[in-house]
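Here's the letter readout for the chains.
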Amino acid sequence: GLAKVKASLLVVGLANSGKTSIVNTLKADRTEDVAPTVGFAVEKFSVLKTKLTVMDMSGQQRYQPLWECYYQDVQGVIFVADAADKHSLATASDVLWGLLGNADLAASPLLIYANKMDLAHAVPASDIAVLMDLASITDRPWQIAPSSAATGEGVESGITWLLEQIR
Ligand code: GTP
Ligand code: MG
């Protein structure tokens, strides 16, 4: 269960997928204006009685090499995919599978948010799971959660699952 009182999480995914917006939703920060993250941002706040340190990484290609600097320090990984940008999903899958190959992350449970579900043309989470071949992830707990940082829907149930995996 939620026995652990502290956890460090890494939030990654392509640029514009909604990572910072999801972190803001988790912080119950209603700020509507969100700017592209430069490098990364460290956020500390509590969710479900767990004190979180969240590394909100930039998804821009030039900053992606920074991600691995934190692989050793985190107990869980959040990968955000933009379900409303169908054409980004193949690249997102490549980036995700690159990350899965890193030994420093091998023990970390993985939550994938299929984000921007409030948009009418969003690809269903089950289709994204197939597209990203998530069924082939057999070496760690994983889950895909449909979410909308815009409405808040799905964000809390996703993180609840992730924190349950961390003990
Ligand atoms: P980088 O920091 O550049 O890697 O981007 P990011 O993944 O942090 O994305 P960010 O949170 O900055 O959001 C990018 C854009 O998508 C912003 O205009 C957000 O308002 C919008 N956005 C984020 N989440 C959602 C969502 O669930 N639904 C909708 N409709 N828009 C969203
Ligand atoms: Mg950001």
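Before reading further, recall that the structure is shown in the block above.
If you're wondering where the values come from, they're calculated on a predicted model, not measured in any experiment.

### Quick look at the sheet that holds strand β1 (residues 6-12)
Part 1 of the reasoning: Strand order in the open sheet made by the 6 strands is β2-β3-β1-β4-β5-β6, with mixed pairing throughout. Both outer strands of the open sheet, β2 (40-47) and β6 (142-146), are each paired with one neighbouring strand and no more. Neighbour-to-neighbour, the strand axes of the sheet open up by a mean angle of 20°, direction not taken into account.
Part 2 of the reasoning: As judged from the 5 bridges shared by strand β5 (residues 110-115) and β6, these two strands associate in the parallel manner.

### A closer look at the coordination of the magnesium ion (ligand 2)
Part 1 of the reasoning: Within the protein, the atoms that donate to the magnesium ion (ligand 2) are T20 (OG1) and T37 (OG1), at distances of 2.0 to 2.1 Å. Of the two residues, T20 sits in helix α1 (residues 19-26) while T37 sits in the loop between α1 and β2, which places them 17 residues apart along the sequence. Of the two residues examined, T20 and T37, each falls in the buried class.

### A short note on the environment of F45
Part 1 of the reasoning: Relative to the elements of secondary structure, F45 occurs in strand β2.
Part 2 of the reasoning: On the basis of relative accessibility, which here comes to 13%, the residue F45 falls in the buried class.
Part 3 of the reasoning: Along the chain, F45 and V23 lie 22 residues apart, while their C-alpha atoms are 9.9 Å from each other.
Part 4 of the reasoning: If near-sequence neighbours (up to four positions away) are discounted, F45 is found in contact with V23, L26, K27, T50, K51, L52 and V54.

### Here's the deal with the pattern of salt bridges
Part 1 of the reasoning: Within the structure shown, the criterion is met by 3 salt bridges.
Part 2 of the reasoning: Between K116 and D82 there is a salt bridge, with the nearest N and O atoms lying 3.2 Å from each other. Of this pair, K116 sits in the loop between β5 and α3 (125-131) while D82 sits in strand β4 (residues 76-82), and the two are 34 residues apart along the sequence.
Part 3 of the reasoning: By relative accessible area, D82 is classed as buried at 9%.

Reading guide: rules and limits
Residues numbered from 1 in each chain as written. Chains lettered and ligands numbered in written order. Predicted model: local features only at pLDDT ≥ 70, side-chain atom pairs only at ≥ 80, totals over all residues. Heavy atoms only, no water. Pairing = 2+ DSSP bridges. Helix = DSSP H or I, 4+ residues; strand = E, 2+ residues; numbered from the N terminus. Axes fitted to C-alpha atoms, helices over the stretch in contact; angles between N-to-C directions. Donors = N, O, S within 2.8 Å, 3.2 Å for Na, K, Ca; no water. Buried < 20%, exposed > 50% of the residue type's maximum accessible area, 1.4 Å probe, protein only. Contact = heavy atoms within 4.5 Å. Salt bridge = Lys/Arg side-chain N within 4 Å of Asp/Glu carboxyl O.

Nothing here speaks to function; it is all geometry.
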